[in-house]
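Fold and contact review
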Amino acid sequence: MHELSITRSVVAIVSERAAGQRVTRVLLEIGCLSAVMPDAVRFCFDVCTRGTPVEGASLEIIEIPGRGRCDSCAEETPLAAPAGRCPICRTGRLRPTAGQELNIKEMEVESCV
Amino acid sequence: MCVTCGCGQGAETELTLHDDEHVHGGHTHLSNHGHSHDHGAPGGHGHDHEHSHDHTHPPFHSGNARAPTGPMVPGRDRRSIALESQVLAKNQLIAERNRGWLSGRGILALNLVSSPGAGKTTLLERTLVDLRDELKMAVIEGDQATSNDAQRILATGTCAVQINTGTGCHLEADMLERALHLLPAEPNSLLFIENVGNLVCPALFDLGEHSKVVIFSVTEGEDKPLKYPHMFAAASLVLLSKTDLLPHLRFESKRAVENALSVNPDLELLEVSAYSGVGLDSWYTWLRRNLAAQEGS
């Protein structure tokens, strides 16, 4: 359950950037090849945010499909596993070009005006 | 809940140095929320110490106070902040620092990963005994609980640091960093890091090691690489272990190798048995070759 420590890192990074302001929304980008389950992160988010400025914030997750480029024929194809053989030339190896993301894209804070 | 400050974050991680003289009660609090303390220079010995809190908790983070929640109120404004921040950036930064520290000393650090019970510790014990007159070696043991593995390593005459991750299912780079401060790791030596038995989580956390080595025992299914592709994709070497049991099993090594290579065509694979010793020479040759390369880098 590495999602727990990953969600803790998300909350720590967001809390630091919030600098005391209340966080109302967090937008994450999770690639399908990152070995991180969005549902597990959602589950951990409520627990990890408790007692922090992120408590009560909504969590949005953009899931990015995996893609890989063949190191032999250079064609790009969808990729479901972290690596694999090229389905087009059947000789090259697919190197992921997308789907390994694990980023905090954006956060929304509420501040006094 | 964190037992150090009661803030409800993190699990307690403990590090203990086991060497041939005595067990040092080095005890480290490793949750990722900003406690800091100093262990002195790498290579120094562990020691009991007080934790120093070098930070103040903001008001929302103390006692039972909760962050303000509830509906929007007039006079408040919502503002979006673009972050583009990698979640694992902090772990990666520490891992790169560890890698530099190790490579500067010519230390070849190997992150040994497997399912629980694949034979990591047994293979290590045999390796340490077979190579102890030839190479300088040290071990970092990661387990959720107990120092059983460190005791087994110590019995071979090798120094070991036991990291107990508590509820943690994998080692992280900061745990290795602190273990390196406890461990008297010698220049131009081999450092085996036995990760928590788990084929999922350790794949994501770079420790700063030279390579990940998967120990894949023949008592598991041939399709393990397909079921846990991330780990096999992240590894450089697979040791197919417990091969002395093959006559009693329906395990087809050829299929296991094909599956591993389909996930990662760059993998090296060696068949070994720590019990009979068959195949260990090729593992030792791999270690010597990579240690020589690390020393020369």
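Procedures and definitions
- Residues numbered from 1 in each chain as written.
- Chains lettered and ligands numbered in written order.
- Predicted model: local features only at pLDDT ≥ 70, side-chain atom pairs only at ≥ 80, totals over all residues.
- Heavy atoms only, no water.
- Salt bridge = Lys/Arg side-chain N within 4 Å of Asp/Glu carboxyl O.
- Helix = DSSP H or I, 4+ residues; strand = E, 2+ residues; numbered from the N terminus.
- Buried < 20%, exposed > 50% of the residue type's maximum accessible area, 1.4 Å probe, protein only.
- Contact = heavy atoms within 4.5 Å.
- Buried area = accessible area lost by both parts, 1.4 Å probe.
- Polar contact = N/O pair within 3.5 Å; in protein donor to acceptor, adjacent residues only side chain to side chain.
- Phe/Tyr/Trp six-rings, centres within 6.5 Å; stacked < 30°, edge-to-face > 60°.
- Lys NZ or Arg CZ within 6 Å of the ring centre and 35° of its normal.

Next up on the list: the pattern of salt bridges. Applying the stated criterion across every chain yields a total of 26 salt bridges over all chains. For K254 of chain B, the salt bridge is made with E258 of chain B, and the minimal N-O distance between the two is 3.1 Å. Here K254 of chain B pairs with E258 of chain B, and both are found in helix α7 (residues 253–263), just four residues apart, close to one helical turn. Given a relative accessible area of 62%, K254 of chain B falls into the exposed group. Taking the relative accessible area as the measure of exposure, E258 of chain B reaches 43% and is therefore partly exposed. When salt bridges with common partners are traced through the structure, they connect R22, R25, E60, E106, E108 and E110 of chain A together with R78 of chain B into a single cluster.

Another point: the interface of chain B and chain A. Of the residues lining the interface, 41 residues belong to chain B; the matching set on chain A comes to 42 residues. Between chain B and chain A lies a buried interface of about 3800 Å² when both sides are counted; carbon and sulfur atoms form 56% of it. Among the ionic pairs, R95 of chain A bridges to D266 of chain B, the shortest N-O distance being 3.6 Å. Run the count over chain B and chain A and you get 11 residue pairs in polar contact (both at pLDDT 80 or more).

We now examine the packing of aromatic side chains. Residue and element names in this part refer to chain B. A full pass over the atoms with the stated rule returns four aromatic pairs over all chains. Between F192 and W283 the ring centres are 6.3 Å apart and the planes differ by 45°, which places this aromatic pair in the tilted class. One end of the pair, F192, is in strand β7 (residues 190–194); the other, W283, is in helix α8 (residues 280–296), and 91 residues separate them in sequence. Exposure remark for F192: the relative accessible area of 0% places this residue in the buried category. Note on F216 and F232: the rings are 5.6 Å apart at their centroids and 80° apart in plane angle, and the pair reads as edge-to-face. Here F216, found in strand β8 (residues 211–217), pairs with F232, found in helix α6 (residues 229–234); they are 16 residues apart in sequence, far enough to count as distant. We note that F216, like F232, is buried. Cluster of aromatic residues (ring-pair linked, three or more members): F192, W283 and W286. One cation-aromatic arrangement involves R105 over W101; the distance from NZ or CZ to the ring centre is 3.9 Å.

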